[in-house]
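Coordinates in review
One letter stands for each residue in the lines below.
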Amino acid sequence: MAIRAMNSLTPNQVRDMFLYVGQKVVENKPFLTKIDSAIGDGDHGIGMSVGFTKAEENLKGKEFSNVNDVFKTVGMSMISSMGGASGVIFGTMFVGGVKKLEVKETLDLQLLAEIFEGALEAIKQRGKAEVRDKTMVDALQPAVYALKESVEKNFSLVEGLRKAEEGAHQGVENTKNYVAKFGRAKSLGERSLGHQDAGATTVWIIFKSMREWVEEGLQDD
Amino acid sequence: MAIRAMNSLTPNQVRDMFLYVGQKVVENKPFLTKIDSAIGDGDHGIGMSVGFTKAEENLKGKEFSNVNDVFKTVGMSMISSMGGASGVIFGTMFVGGVKKLEVKETLDLQLLAEIFEGALEAIKQRGKAEVRDKTMVDALQPAVYALKESVEKNFSLVEGLRKAEEGAHQGVENTKNYVAKFGRAKSLGERSLGHQDAGATTVWIIFKSMREWVEEGLQDD
Amino acid sequence: MKKLVNNPSNVVEEMLDGYVKAHSNYVRRLEENDRVVVTSRKTADNKVGIVIGGGSGHEPAFLGYVGDGMADGVAIGNIFASPPPAPILEATKAVDKGAGVLYIFGNYAGDNMNFGMAAELAEMEGIKVEKVIISDDVASAPKEEKEKRRGIAGEFFVFKAAGAAADKGYPLEDVARVARKTNEQTRSMGVGLSPCSLPQTGKPSFEIGEDEMELGLGHHGEPGIKRVPLDTADNVADVLLSYIFEDIKLDQGDEVAVLVNGLGSTPLMEQYIVFRRVEEVLKERGIRIYRSYVGDYITSLEMGGLSITLTKLDDELKELIDHPVNCPRFTQK
Amino acid sequence: MKKLVNNPSNVVEEMLDGYVKAHSNYVRRLEENDRVVVTSRKTADNKVGIVIGGGSGHEPAFLGYVGDGMADGVAIGNIFASPPPAPILEATKAVDKGAGVLYIFGNYAGDNMNFGMAAELAEMEGIKVEKVIISDDVASAPKEEKEKRRGIAGEFFVFKAAGAAADKGYPLEDVARVARKTNEQTRSMGVGLSPCSLPQTGKPSFEIGEDEMELGLGHHGEPGIKRVPLDTADNVADVLLSYIFEDIKLDQGDEVAVLVNGLGSTPLMEQYIVFRRVEEVLKERGIRIYRSYVGDYITSLEMGGLSITLTKLDDELKELIDHPVNCPRFTQK
Ligand SMILES: Nc1ncnc2c1ncn2[C@@H]1O[C@H](COP(=O)(O)OP(=O)(O)O)[C@@H](O)[C@H]1O
Ligand SMILES: Nc1ncnc2c1ncn2[C@@H]1O[C@H](COP(=O)(O)OP(=O)(O)O)[C@@H](O)[C@H]1O
Ligand SMILES: [Mg+2]
Ligand SMILES: [Mg+2]
Ligand SMILES: [Mg+2]
Ligand SMILES: [Mg+2]
């Protein structure tokens, strides 16, 4: 059942979308390793792969009756398996937005914007990072703004995701101009300039893959 | 009181001769280090310097009434300060020959030959090394033979010492053709070929310096 | 750097496997979560539980300090990465005897967040939890911001004091108080000579010249205060101590516990040479060493270097420092 | 290699200084000879004295093993060089209580000669002395010539057993018998990954490629049996064990003590990973591990690598291995 450019997704489609996203993140492991090696400890690709592999284990073959549980499953898989700062931060990216959300049976652009806005808030609260601190927040925040703007402009789901992807990508580029304030890159000070942040890169890959899946109607079954 | 080419020495002259010998060995520390570094652990120069410095401490300014005590003092200084195999071996080179010797008040070539012959026996018994095992025995044995032959030929003290020096030197050269059987060089097997033995080199330096002192009538006071 | 490992992804699992096999009379792994090691020995009813933890690669810390008189459980992360909340929570449930549980961990973003989440979850399950965050590394932030400092070797003294307090039957708030006091009274300053490398990446944790050292190096290779030429043991001890003396008031007659902690590949010989100078300097200043510890207490794999830790003691802390300990990797009579 | 030292000629003196300052409740240096460290604790009247020793650079061996239930005195040589007879003799006089003294040392030319001379001198002074020479390194000579083998990490088990026997009041000949039996029943096999260097020369103790290891490497960098490519921890454990199994008959149901000994810079993590495999292999063969020890027991400064030691136990040795120990660098309850 390949539907091109769906405008809203069932819980099981959301599941499939994140299975695809996970696949893409795992494929990018060497790339993320290289980025984190330049100014971090080189384990970001490993960590994200562990998290998404755990998510795949917990999503695959399972039926979901609401959107909330899919997000929760992805987020909790990360939190429970990854460890480190990024386990909590990326886990919160999925859990944070649905924590107080009433049960939803379809995911449209408005809900997506709402969920990631909640996630952004939760991450900032948890990790205390703001834009310009050279973290994944630098990619997530513009992505969230793009989603919200797209809702206002009545864009389609795929259009909204493309805007978010572009926003995240711009955020990644911006991180090159910032001095790190969190994580291991922090202690490098000025030496972190010129390098993009690994976590921000992952955020961009996540939005890019979501857009691809929705656009192509790709499915994992 | 500089007497050229003395034919017999008083106990205090023997003392002064060994003070001179010690000085020469200490001067050769870097040379011995280099030799021991090639196939050993590089500490032979350090060790011999420690031993002769201790000997100097115990000889200097002291009056000796017999030859035996001078030899004993040098040997015991080494045994007590150096440690390792070479402390015992070189200590025995001085102690071993006078251990059972009756008290002597002058040192002539015959006594010298007798003392070092006893030393050679004691060292072989202690360390179980024979000629061709690439140790100091390879230098000491020809030196002892040369001394004995010189006694038979009625050579002067300085002539006898020169023959001993030559014998020791030939012994050092011979060690280059032997595979080490003792000490750390032992584990190198064939790789020790082409290198001279450090302890043999020290024996040569000792006889060479004795000859110099007797020849020049050098004194340390 | 060369490693004796199998699959680099499995080093933590396999180390834990080996560890509990070697010390089965002391500890066991939890069935609920295999990244948890808890004491298998009987402890007093109603004893406050102590859960410690952090990344792997610091062995004998942290797992080596689970045993009589120290911690009851440890949550084990990947190399140099905080454990997730799940093992922390499971450790908490396993060691709680109704008197509550104290978390002690170093001040790192990951540990803060994961122990923080675990504490929230534990409290949702009705377990009282207190957290004490260790910040002894004077190199990592100015004096006025001690709470921002990293936790390094001084963690050992906090485990020691809190473990003793719990063993003596102190209630949770007092165990936490004692742990906080120890942290307040503890200062560490380290020096790095050579890096380590992670099994998974093989990359050295930092670059350093053959005759340089890094003053204030962190336990994961974080840069310190400055890169200076390698110096003598005595001068290094003097410099490290000077940072500590500038940071905490120590007067004639004061008593301290001293820890000279090797980072992994620094021989005991060098650690004792440094300790010798520490003792000399403290004596000159009229500061009395009440107890001293020399050795690899909290390492960074095969990193080269060491740190000096001083903890200013009062009567209460002296009693706690004296308390016996029996752990797989630390015993005190 | 970088060192935290002052004058390289003084490293042993300064280490000893630091050591006795750090452990003044356990040990003291002799006034008669400052290269001797003896226990400062009360031991039973008429207890057989145990004097151990050898070169420095193997810390915690040998000085760390002077204390309750192990040795009474240690004679300390320069780095990797036997002590002279004088400190051995002084140690002997200091620890003799009339019941005689046992010397335990590794089978090296220097140690043999110096302990030998000291024994002669001690006997001239009317002290009964027995010598037990340890030769556990299977790599260093063929099986038929066990008496020519070097002593490496297995020395620890001999100290342990003899120390316990002396503590239990065995007479000299029995302490010596037990030490000899332990040596007979002990086999070690090591692997070297990276060299150390002497403070005085700075020269690496051996050369080795980035992906090589030396099977059977000696404790001073002596070449072993062969140079092979670096392998996984499990394969290395298997190979080391295979040499041991070929050398000593171990049948199903036999009981052994196991020591995985780090040479200096090999992280505990890797040592436990190797121990994990050792346990697995012994279990497969139905050999029971009675007690196990993992850690840096006898090192070679900052050398990289480790060794595996197995000691086949009978009832007498089991009792001795179980005996409590309280030393500055090793404690067993
Ligand atoms: N406090 C924080 N808030 C938001 N993101 C953070 C924070 N700390 C770290 N990150 C993100 O985590 C990424 C690093 O992840 P990872 O390499 O997996 O963890 P670690 O830094 O523990 O090695 C950084 O690139 C950054 O984007
Ligand atoms: N058994 C022995 N018999 C005679 N000489 C020996 C013996 N063992 C070693 N030597 C001598 O000692 C020398 C090494 O001395 P040194 O370097 O001071 O000691 P070590 O070998 O302990 O480092 C060798 O070059 C050799 O001449
Ligand atoms: Mg990272
Ligand atoms: Mg040498
Ligand atoms: Mg990390
Ligand atoms: Mg030597």
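Along each chain, residue indices are assigned from 1 in the same order as the chain's sequence is written. Throughout, the order in which chains and ligands are written sets their labels, letters from A for the former and numbers from 1 for the latter. Where totals are concerned, whole chains, interfaces and linings use all residues; where local detail is concerned, this predicted model gives features only for residues with pLDDT of at least 70, and gives and counts side-chain atom pairs only at 80 or more. Hydrogens are left out, water is left out, and the side-chain values use all remaining heavy atoms of the structure.

1. A short note on the sheet that holds strand E10 (residues 255-262) of chain C
Residues and elements named next belong to chain C. What counts, and what does not: For two strands to be treated as a pair, DSSP must find no fewer than two bridges joining them. Counting from the N terminus, the helices are the DSSP runs of H or I reaching at least four residues and the strands are the DSSP runs of E reaching at least two. Axis definition: a line fit to C-alpha positions, over the contact stretch in the case of helices; interaxial angles, taken between N-to-C directions, run 0 to 180 degrees. The contact criterion used is simple: two residues touch if any of their non-hydrogen atoms lie within 4.5 Å.
Strand order in this open sheet of 6 strands is E9-E8-E7-E12-E10-E11, and the pairing throughout is mixed. A strand with exactly one partner marks an edge of an open sheet, and here the two such strands are strand E9 (226-229) and strand E11 (288-295). Ignoring which end each strand starts from, the neighbouring axes of this sheet average 20° apart. Note that E10 and E11 share 7 bridges and pair parallel. When the bridges of E11 are listed, Val260 appears paired with Val294. Sheet strands in contact with helix H4 (residues 155-167) are E10, E11 and strand E12 (304-313), and its direction is about 125° off that of E10. Packed on one face of the sheet, helix H8 (residues 315-322) meets E10, E11 and E12 and runs near 35° to E11.

2. Quick look at the relation of the copies chain C and chain D
In plain terms, the rule: Least-squares superposition aligns the copies on the C-alpha atoms of those residues with pLDDT at or above 70 in both.
With an RMSD of 0.0 Å, the operation that places chain C on chain D is a rotation of 180° combined with a shift of 0.0 Å along the axis. Taken together, the rotation angle and the small translation identify this as a two-fold axis. If distances are taken from each C-alpha of chain C to the rotation axis, the shortest is found for Ser265 of chain C, at 2.1 Å. When the interface residues of chain C are mapped onto chain D, 100% of them again fall at the interface, so both copies present the same face.

3. What to know about the sheet that holds strand E1 (residues 27-29) of chain C
Residue and element names in this part refer to chain C. Spatially, E1-E2-E4-E3-E5-E6 is the arrangement adopted by the 6 strands of the open sheet, whose pairing is mixed. For this open sheet the edge positions go to E1 and strand E6 (129-134), each flanked by a neighbour on one side alone. The average angle at which neighbouring strand axes cross in this sheet is 25°, direction not considered. Sheet topology places E1 next to strand E2 (residues 36-39); 3 bridges connect them, and they run antiparallel. Looking across to E2, one finds that Arg28 is bridged to Val38. In this fold helix H1 (residues 11-22) packs onto E1, E2, strand E3 (49-56) and strand E4 (73-79), with an angle of close to 140° to the strand it touches most, E1.

4. With respect to the site of ligand 1
All names here are of chain A. Just so we agree on the cut-off: What makes a residue near a molecule or strand is one non-hydrogen atom of that residue sitting within 4 Å of it. N or O atoms closer than or at 3.5 Å make up a polar contact, with two conditions inside protein: a donor-capable atom paired with an acceptor-capable one, and, for residues adjacent in sequence, both atoms drawn from side chains. In short, Shrake-Rupley with a 1.4 Å probe defines the accessible areas, and a residue's cover is counted only from the protein chains shown. Three classes are used, and their members are as follows: Ala, Val, Leu, Ile, Met, Phe, Trp, Tyr, Cys and Pro are nonpolar, Asp, Glu, Lys and Arg are charged, and the others, Gly among them, are polar.
In the vicinity of ligand 1 lie 16 residues, with Asp43, His44, Ser86, Met136 and Asp197 positioned nearest. The backbone of Gly127 places a nitrogen or oxygen atom 3.1 Å from a nitrogen atom of ligand 1. Taking Asp197, its side chain carries an N or O atom lying 2.6 Å from an oxygen atom of ligand 1. Burial of ligand 1 by the protein amounts to 92% of the accessible area it has alone, namely 560 Å². Breaking the shell around ligand 1 down by element, the ones donating at least two residues are helix H5 (84-95) and helix H9 (198-216). Of the residues belonging to the shell around ligand 1, the class tally is 7 nonpolar, 5 polar and 4 charged.

5. Observations regarding helix H2 (residues 29-39) of chain B
Selection criterion: Think of it in three bands: with a 1.4 Å probe and only protein chains considered, a residue is buried below 20% of the maximum accessible area for its type, exposed above 50%, and partly exposed in between.
Taken together, the buried positions of H2 of chain B are occupied by Leu32, Ile35, Asp36, Ser37 and Ile39 of chain B. Elements in contact with the buried residues of H2 of chain B: helix H1 (11-27), helix H3 (44-59) and helix H9 (198-216) of chain B.

6. Points about the domain arrangement of chain C
Residue and element names in this part refer to chain C. Our working definition: Throughout, the edges of the domains are those of an automatic or database domain assignment. Once two parts are brought into contact, the accessible area they lose, counted with a 1.4 Å probe and summed over both, makes up the buried area. We define a salt bridge as a contact between a side-chain nitrogen of Lys or Arg and a carboxyl oxygen of Asp or Glu at a distance within 4 Å.
If you check the domain split of chain C, you get domain 1 (8-185) and domain 2 (186-321). Just the C-alpha atoms count here: the centres of domain 1 and domain 2 sit 22 Å apart. Taken together, the 39 residues of domain 1 in the interface contact 42 residues of domain 2. Both sides together, the interface formed by domain 1 and domain 2 hides about 3,500 Å², and carbon and sulfur atoms give 62% of it. Broken down residue by residue, the surface that domain 1 buries against domain 2 is led by Phe80, Phe157 and Gln185, which jointly contribute 20%. The tally of links from domain 1 across to domain 2 stands at 5 salt bridges. Residues Lys181 and Glu316 are paired through a salt bridge, measuring 2.5 Å at the closest nitrogen-oxygen approach.

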